[in-house]
Amino acid sequence: MPRRSAAVYRRRRLVVLLGLILVLAVIGVSVWLLVARPWAAATDATPAPTSSSTTETPPPPTGSASPAPTPSASETPAVVACQAKDIEVTAVTDADTYAAGVTPRLSISLTNKGATDCTIDVGSSTQVFTVSSGADVWWRSTDCQENPSSMIATLTAGSTVVSKEPVVWDRTRSSVETCAQENRQRAPGGGASYHVAVSIGGFPSATTAQFLLY
């Protein structure tokens, strides 16, 4: 068998040495990757807890007072219509005697004798003035009344009110047929006695007011 040269042995040792160096390099790189783990921060990191975007509303305090209930309409006493037993109606004149040519001015007095307030229609549509001399009726305010109206008023218990706008009697005889006439019969003067009775809201006056014409 021929003897190999020294050059061949050197090449073989060089190949073995390079292989050993390559193996050691691979092992070293693997160990570094296993220990260093350069991607661990991206894959193993646990996300930090974030605060909620909504804010919880604290529960209402216990023992707080409830709002006071509002009285209902059924709990509020209503003002009722006046009763005849509680209302006193009186005829009022602005004078006891009237000189020739002076016209009487007539009004109504209302008194609530009851213990509670009440309502009554005091409009012109419910007012009636009647002027008489004995049994002869000379004048009624409703015979030639124009544009009557209603007006509901509240009479306070125990109070007395008098109509603001008096009704004027022109000292003539009234009739629905003679309202447009200018020369209606005139009432006699010379001290003649007349009486005025009134009614309002369906309640008549218990008495009349007397006056004299001259």
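As the structure is a computational prediction, the values presented were derived from the model and not from experiment.

Trainee: Describe the sheet that holds strand 8 (residues 152-155), and please don't skip the residues or the numbers.
Mentor: Spatially, the three strands line up as an open sheet ordered 1-5-8, and their pairing is mixed. Only two strands of the sheet have a single neighbouring strand rather than two, namely strand 1 (80-81) and strand 8. Of the strand pairs in this sheet, strand 1 and strand 5 (residues 118-121) are connected by two bridges, and their pairing is parallel. Residue pairing across strands places Ala81 opposite Thr119, the latter belonging to strand 5.

Trainee: Give a detailed account of the pairing of strand 2 (residues 87-93), specifying residues and quantitative values.
Mentor: Here strand 2 shows a clear split, with Ile87, Val89, Ala91 and Thr93 buried on one side and none of Glu88, Thr90 and Val92 buried on the other. The sheet contact formed by strand 2 and strand 4 (residues 105-112) spans seven bridges and is antiparallel. In the sheet register, Glu88 faces strand 4, and the bridge partner there is Thr111.

Trainee: Explain unusual backbone geometry to me, using residue names and the numbers behind them.
Mentor: Residue Asn147 is not a glycine yet carries a positive backbone phi of 50°. If you trace the backbone, Asn147 turns up in the loop between strand 7 (136-140) and strand 8. Even without being a glycine, Arg171 presents a positive backbone phi close to 65°. Summarising the element assignment, Arg171 is placed in the loop between strand 10 (167-168) and strand 11 (192-200).

Trainee: Mind laying out the environment of Val176, listing which residues take part and the relevant values?
Mentor: Here Val176 shows up in the loop between strand 10 and strand 11. Note on Val176: relative accessible area 53%, which makes it exposed. Sequence separation of Val176 and Asp143 is 33 residues, and the distance between their C-alpha atoms is 5.0 Å.

Trainee: Give a description of the state of the cysteines that names residues and reports values.
Mentor: Under the definition given, this model contains two disulfides. Here Cys82 pairs with Cys118 through a disulfide, and the sulfurs are 2.0 Å apart. Taking the sign of the torsion about the S-S bond as the criterion, the disulfide between Cys82 and Cys118, at about 85°, is right-handed. A residue pair is termed long-range when its members are at least 10 positions apart, and Cys82 in the loop between strand 1 and strand 2 and Cys118 in strand 5 qualify at 36 residues. With respect to class, Cys82 is no different from Cys118; both count as buried. One disulfide bridge connects Cys144 with Cys179, the sulfur atoms lying 1.8 Å from each other. Disulfide Cys144 to Cys179: torsion about the S-S bond roughly -90°, handedness left-handed. Here Cys144, found in the loop between strand 7 and strand 8, pairs with Cys179, found in the loop between strand 10 and strand 11; they are 35 residues apart in sequence, far enough to count as distant.

Thresholds, definitions, all that
Residues numbered from 1 in each chain as written. Predicted model: local features only at pLDDT ≥ 70, side-chain atom pairs only at ≥ 80, totals over all residues. Heavy atoms only, no water. Pairing = 2+ DSSP bridges. Helix = DSSP H or I, 4+ residues; strand = E, 2+ residues; numbered from the N terminus. Buried < 20%, exposed > 50% of the residue type's maximum accessible area, 1.4 Å probe, protein only. Disulfide = S-S within 2.5 Å.

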